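A structural walkthrough
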Amino acid sequence: RSIGSKLLARVALLASAGVLVCFALLVLRPVTASQAAISSARRRLANRDWAGAEAQFQAAAKFDPLSAEPWIELTRIHYERWRQERGRASDEQFGQAVRSVETAIRLAPSSLEPYRLMGGLWETRAAREEQSWPQATQAYRRCVEIYPTSATLHARLANSLWQSGAHDAARVELRRALELDSLTPHLDKKLPKQERDWIERRLGEREPVPDGSRNGE
């Protein structure tokens, strides 16, 4: 029995060691390699080496295909390039930014940052093309579902709704933004004065009355 017990103990020990080795090879090594590539990419970004940074973030995504972080960073790179370029090249960068953030959302569907980035992408594009507001609205709706106590996110949703012409729905979000802003004790989460002033102006506006409804017509 003693020999058998020792043999079983050794087998169990070897099995445990094998599990640890497999864990290191299959989990820790890819994660470590991915983080090293991300660190290299960020150093390149600091030197304005966009192409080098993009290559390193893509390598990080290959090392750790379950991580959303490289795709979030790739979104930011393509976004910045889109803002700087014009014409077809600009459109291609925007498309790559959207595809990158969509990948991040697929990998981290409960994370706020990819949706916030998506909202920002379409909101900025809407400054050039008004038909982009509905996409921004969709992204910001998801943002407030994930982080319902953020005054800033409710204000962003309200703005996209307002710009889309959905003024009644926008007013609901505007009031919620002011309410949350008054409740938070954190200065870094407070709405900027300019944004509060914009909200209060919008809430003070009246919708134009259609001609046919005036004087009982």
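Sequence order as written defines residue numbering, which begins from 1 separately in each chain. Owing to the predicted nature of the model, reporting of local features is limited to residues with pLDDT of at least 70; listing and counting of side-chain atom pairs is limited to 80 or more, with chain, interface and lining totals taken over all residues. Values reported for side chains reflect all heavy atoms of the structure, with hydrogen atoms and water molecules removed beforehand.

Describing the overall build of the chain
Inclusion rule: Runs of E in the DSSP output that reach at least two residues are strands. Runs of H or I that reach at least four are helices, and both are numbered from the N terminus. Note on classification: 1.4 Å probe, protein chains only; a residue is buried when its accessible area is under 20% of the maximum for its type, exposed when over 50%, partly exposed between these limits. Note on contacts: a residue pair is in contact if any heavy atoms of the two residues lie within 4.5 Å. Methods summary: accessible areas were calculated by the Shrake-Rupley approach with a probe of 1.4 Å, and residue burial reflects only the protein chains presented.
The helix and strand tally for the chain stands at 9 helices and 0 strands. In sequence order, the chain lays out its α and β elements as α-α-α-α-α-α-α-α-α. Taken over 217 residues, the chain has a buried fraction of 38%. Looking at the chain alone, contacts between residues at least 24 apart form 53% of all its contacts between residues at least 6 apart. Element-wise, carbon and sulfur atoms account for 56% of the exposed surface of the chain, whose accessible area totals about 13500 Å².

Considerations on the packing of helix α4 (residues 87-107) against helix α5 (residues 112-126)
Pairs of packed helices are described in terms of their axes, by the angle between the two and the distance that separates them. Basically, it comes down to this: What counts as an axis is a line fitted to C-alpha atoms, over the stretch in contact for a helix, and the angles between N-to-C directions run from 0 to 180 degrees. For this classification, under 35 degrees means roughly parallel, over 145 means roughly antiparallel, 65 to 115 means roughly perpendicular, and everything else is oblique. Helix crossings get a hand from a simple test, with the near helix turned counterclockwise from the far one by less than a right angle marking a left-handed crossing and a clockwise turn marking a right-handed one. Note on residue categories: nonpolar means Ala, Val, Leu, Ile, Met, Phe, Trp, Tyr, Cys or Pro, charged means Asp, Glu, Lys or Arg, and polar means any other residue, Gly included.
Look at α4 against α5: their axes get within 9 Å of each other, and the N-to-C directions meet at 160°. Taken as axis vectors, α4 and α5 run roughly antiparallel relative to one another. α4 and α5 meet at a crossing whose hand is left-handed. The residues of α5 that touch α4, namely those facing Asp91, Phe94, Ala97, Val98, Val101, Glu102, Ala104 and Ile105, are Pro114, Tyr115, Leu117, Met118, Leu121, Trp122 and Arg125. By residue class, the composition of the contact of α4 with α5 is 12 nonpolar, no polar and 3 charged.

Here we look at the packing of aromatic side chains
Any pair of aromatic rings gets described here by the distance separating the centres and the angle formed by the planes. Let me state the cut-off plainly: Paired rings are identified among Phe, Tyr and Trp, the last through its six-membered ring, by centres lying within 6.5 Å, and are further divided according to the angle between planes into stacked (under 30 degrees), edge-to-face (over 60) and tilted (the rest).
All chains considered together, the criterion is met by 3 aromatic pairs. With 5.0 Å between their ring centres and 55° between their planes, Trp82 and Phe94 make a pair best called tilted. You can see Trp82 sitting in helix α3 (residues 69-84) and its partner Phe94 sitting in helix α4, a full 12 residues away along the chain. Take Trp82 and Phe94: they sit in the same class, and that class is buried. Given the relative accessible area of 4%, Phe94 is considered buried. Ring pairs connect the aromatic residues Tyr79, Trp82, Phe94 and Trp122, which therefore count as one cluster.

Observations regarding the side chain of Ser40
Quick reminder of the rule: Whenever a nitrogen or oxygen atom comes within 3.5 Å of another N or O atom, the pair is scored as a polar contact, on the condition that within protein one atom can donate a hydrogen and the other can accept it, and that pairs from neighbouring residues in sequence are kept only if both atoms are in side chains.
Secondary-structure assignment places Ser40 in helix α1 (residues 2-46). By relative accessible area, which is 14% here, Ser40 ends up buried. A polar side-chain atom of Ser40 sits 3.5 Å from a polar atom in the side chain of Gln56.

Here's the deal with the pattern of salt bridges
Note the threshold: We count a salt bridge whenever a side-chain nitrogen from Lys or Arg sits within 4 Å of a carboxyl oxygen from Asp or Glu.
All chains considered together, the criterion is met by 18 salt bridges. Here Glu200 ties to Arg196 by a salt bridge, and the two come within 3.5 Å at their closest N and O atoms. On the criterion of helical spacing, the pair formed by Glu200 and Arg196 is a turn pair, its members being 4 residues apart in helix α9 (residues 193-204). The class for Glu200 is partly exposed, based on a relative accessible area of 41%. Here Arg196 falls in the partly exposed class, since its relative accessible area comes to 25%. Put simply, Arg42, Glu69, Glu73, Arg76, Glu113 and Arg116 are held in one network by salt bridges that share partners.

Observations concerning helix α8 (residues 167-183)
So the rule is basically this: Multiplying 1.5 Å by the residue count of a helix minus one yields the expected span of that helix.
Helix length check: α8 (17 residues) gives 24 Å between terminal C-alpha atoms against 24 Å at 1.5 Å per residue, within 8%. When we look at burial in α8, the residues that qualify are His167, Ala170, Arg171, Glu173, Leu174, Ala177, Leu178, Leu180 and Asp181. Residues of α8 that are buried in the fold lie against α7 (151-163) and α9.

With respect to the confidence of the model for the chain
Atom-level detail of predicted coordinates should not be read off regions where pLDDT is low. Note the following rule: On a scale of 0 to 100, pLDDT captures the predictor's confidence in every residue.
On average, the chain scores 86 in pLDDT, and the residues at 70 or more come to 82%. The element-level mean pLDDT for the chain is lowest in α1, coming to 67, with helix α6 (residues 133-146) highest at 97. Low pLDDT, under 50, characterises residues 19-27; the predicted model gives this stretch 5 contacts beyond four residues in sequence or across chains. Considering only residues more than four positions removed or in separate chains, one finds that residues 213-217, a stretch of pLDDT under 50, has 3 contacts.

Describing the nonpolar core
As a reminder of what qualifies: As used here, the term nonpolar core means buried Ala, Val, Leu, Ile, Met, Phe, Trp, Tyr and Cys residues forming a set that is joined through side-chain atoms within 4.5 Å.
In terms of nonpolar packing, the biggest core is built from 38 residues, with Phe94, Met118, Leu121, Trp122, Leu174, Leu191 and Ile199 touching the most fellow members. Contributing elements (two or more residues each) for this core: α3, α4, α5, α6, α7, α8 and α9. Top element by residues in this core is α7. It accounts for 7 residues. Apart from residues lying up to four places away in sequence, Leu174 is in contact with Ala158, Trp162, Trp198, Ile199, Arg202 and Leu203.

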